[in-house]
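Summary of the model geometry
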Amino acid sequence: MVKNKVRKAVFPAAGLGTRFLPASKSIPKEMITVVDKPIIQYIVEEAVESGVEQVILVTARGKSALEDHFDKVYELEDLLDRRGKKDLLEASRKLWNMIEVVSVRQHEPLGLGHAFYCAKQVVGDEPFLGMLPDDMVDSPGYPCAKQLIDVYHKYDCSVVALMKTPPELIDKYGMVKFEQVEGNVVKMFDCVEKPRPADAPSDLGIVARYLFTPEIFQALEETKPGVGGEIQITDAIANLARKGRMYGCIFSGERFDAGDKFGYLQATVHYALKHPELGARFSDWLKQYLKKI
Ligand code: UTP
């Protein structure tokens, strides 16, 4: 067994999804479909491809569709089996028999940091991935989560995914202060949540994928609630960075914020064009369609 193997991934999915209203009123936004799978399934597949064995969902009232999606649907699978629909049977079975799914509750949406803290008991004393289930990263052949795992194994320290952020988006991300260690790896000294572009320490922002050692739970305990009583994960990351215990990985891959309507549309076109059965047809149609605009 690899020393400190990363076996668990936490998916905080207890937020209210206000940016996706009205679609997210009674359907968890993580369950909204991109082409033919819910958004969260793409991200769980990324986890599985990166070696994860246990998925820990942080959910809330009204989000039980998430747990159901990763469960066996006996009646459906029996029917598909009897009708000889092998492809559909495989599609339905995919994942639930490859991973263990555990869920914990966040009783109030008290922020992303608080959501991660809710998973503390289930995570235990081992490193784990944090993966935002509304943020899609396509890195064929080398999943973003695996890129973080490799940096973790080299430096034995927590790592966050970083991306070059255009000036108009700087006030939406945690922006980091760092020194370069090698190629795409940096050591972080600090980070600032949603600064004005003039106050940002650099143009590198934290996005959607994290590899935490259990040190993050201590850092979260030391984090004071901010606006709206929310506990921000960026504050706990800054705490570890100031102690010299945080690295960053400028990941390779294409990222879509599918929790936002525009990002969702971009993700839909991207994954539709890549789809093995629909891609070529969709591409022809799209080219014709664009000529009309
Ligand atoms: P977001 O800020 O994108 O999600 O958090 P949100 O709060 O649901 O959405 P908006 O901003 O109102 O549209 C990123 C992820 O963290 C989870 C969300 O479910 C989302 O998947 N989250 C956020 C929690 O689990 N708990 C929280 O308290 C906040």
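Up top you'll find the structure we're talking about.
**Concerning the pattern of salt bridges**
Evaluated as defined, the whole model comprises 21 salt bridges. Between Glu-53 and Lys-5 there is a salt bridge, and its shortest N-O distance comes to 3.1 Å. With a gap of 48 residues between them, Glu-53 in the loop between α1 (39-49) and β4 (54-59) and Lys-5 in the segment before β1 (8-12) connect regions that are remote in the sequence. Judged by its relative accessible area of 36%, Glu-53 falls in the partly exposed class. The residue Lys-146 makes a salt bridge to Asp-150 at a minimum N-O spacing of 2.7 Å. With Lys-146 and Asp-150 both in helix α7 (residues 144-155), this residue pair falls four residues apart, about one helical turn. Note on Lys-146: relative accessible area 27%, which makes it partly exposed. By relative accessible area, which is 28% here, Asp-150 ends up partly exposed. Salt bridges here are not isolated pairs; linked through shared partners, they connect Arg-19, Lys-29, Asp-134 and Asp-257.

**What to know about the site of the ligand**
As a matter of local geometry, the ligand sits amid 19 residues, with Ala-14, Thr-18, Arg-19, Gln-106 and Gly-111 nearest to it. Thr-18 is positioned such that a nitrogen or oxygen atom in its side chain is 2.5 Å from an oxygen atom of the ligand. Compared with its free state, where it exposes 560 Å², the ligand has 83% of that area covered by protein. Looking at the shell around the ligand residue by residue, the classes come out as 10 nonpolar, five polar and four charged.

**Section: the packing of helix α10 (residues 261-274) against helix α11 (residues 279-291)**
The N-to-C vectors of α10 and α11 enclose an angle of 125°; their axes lie 6 Å apart at closest approach. The orientation of α10 relative to α11 falls into the category oblique. Of the residues in α11, those in contact with Val-269, Ala-272 and Leu-273 of α10 are Gly-279, Phe-282, Ser-283 and Leu-286. Residue classes in the contact of α10 with α11 are distributed as five nonpolar, two polar and no charged.

**Details of α7**
Its 12 residues give α7 an end-to-end C-alpha distance of 17 Å, which sits within 8% of 16 Å, the value for a rise of 1.5 Å per residue. Turning to α7, its buried residues are Cys-144, Ala-145, Gln-147, Leu-148, Ile-149, Val-151 and Tyr-152.

**A few points about the environment of Leu-148**
Structurally, Leu-148 is set in helix α7. Sequence separation between Leu-148 and Arg-245 is 97 residues; the distance between their C-alpha atoms is 15 Å. Here Leu-148 is in contact with Val-159, Val-160, Ala-161, Arg-209, Tyr-210, Leu-211 and Cys-249, once residues within four sequence places are set aside.

**A look at the environment of Cys-144**
Of note, Cys-144 is situated in helix α7. Counting along the chain gives 113 residues from Cys-144 to Asp-257, while the straight-line C-alpha distance between them is 14 Å. Look past the residues within four positions of Cys-144 in its chain and what remains in contact with it is Glu-46, Val-137, Ser-139, Ala-161, Arg-209 and Phe-251.

**Observations concerning helix α9 (residues 233-242)**
Counting buried positions along α9 gives eight out of 10 residues, so the element sits mostly inside the fold. Buried residues of α9: Ile-233, Thr-234, Ala-236, Ile-237, Ala-238, Asn-239, Leu-240 and Ala-241, and no others. Once α9 ends, the next one or two residues include Gly-244, with phi positive near 75°.

**Notes on the environment of Val-176**
Position of Val-176 relative to the elements: it lies in strand β9 (residues 174-182). According to the relative accessible area criterion, Val-176 is buried, its value standing at 0%. Measuring from C-alpha to C-alpha, the distance between Val-176 and Ser-202 comes to 6.1 Å, with 26 residues separating the pair along the chain. When near neighbours in sequence (up to four residues on either side) are disregarded, Val-176 contacts Leu-162, Met-188, Asp-190, Cys-191, Pro-201, Ser-202, Leu-204 and Ile-206.

**Remarks on a nonpolar patch on the surface**
On the surface, Trp-285, Tyr-289, Leu-290 and Ile-293 cluster together into a nonpolar patch covering about 480 Å² of accessible area. Here Tyr-289 lies in helix α11.

**Remarks on the packing of aromatic side chains**
A full pass over the atoms with the stated rule returns 12 aromatic pairs. For the ring pair Tyr-155 and Tyr-247, a centre distance of 4.7 Å and an interplane angle of 25° mean the geometry is stacked. Separated by 92 residues along the polypeptide, Tyr-155 in helix α7 and Tyr-247 in strand β12 (residues 246-250) bring together distant segments of the chain. With 4.8 Å between their ring centres and 25° between their planes, Trp-285 and Tyr-289 make a pair best called stacked. Note that Trp-285 and Tyr-289 are positioned in helix α11 at a spacing of four residues, about one turn of the helix.

The rules behind these values
- Residues numbered from 1 in each chain as written.
- Predicted model: local features only at pLDDT ≥ 70, side-chain atom pairs only at ≥ 80, totals over all residues.
- Heavy atoms only, no water.
- Salt bridge = Lys/Arg side-chain N within 4 Å of Asp/Glu carboxyl O.
- Helix = DSSP H or I, 4+ residues; strand = E, 2+ residues; numbered from the N terminus.
- Buried < 20%, exposed > 50% of the residue type's maximum accessible area, 1.4 Å probe, protein only.
- Near = heavy atom within 4 Å.
- Polar contact = N/O pair within 3.5 Å; in protein donor to acceptor, adjacent residues only side chain to side chain.
- Areas by Shrake-Rupley, 256 points an atom, 1.4 Å probe, with all protein chains shown as cover.
- Nonpolar A, V, L, I, M, F, W, Y, C, P; charged D, E, K, R; others polar.
- Axes fitted to C-alpha atoms, helices over the stretch in contact; angles between N-to-C directions.
- Parallel < 35°, antiparallel > 145°, perpendicular 65-115°, else oblique.
- Contact = heavy atoms within 4.5 Å.
- Expected span 1.5 Å × (residues − 1).
- Patch = residues over 30% accessible without salt bridge, like charges linked within 9 Å, V, L, I, M, F, W, Y side chains within 5 Å.
- Phe/Tyr/Trp six-rings, centres within 6.5 Å; stacked < 30°, edge-to-face > 60°.

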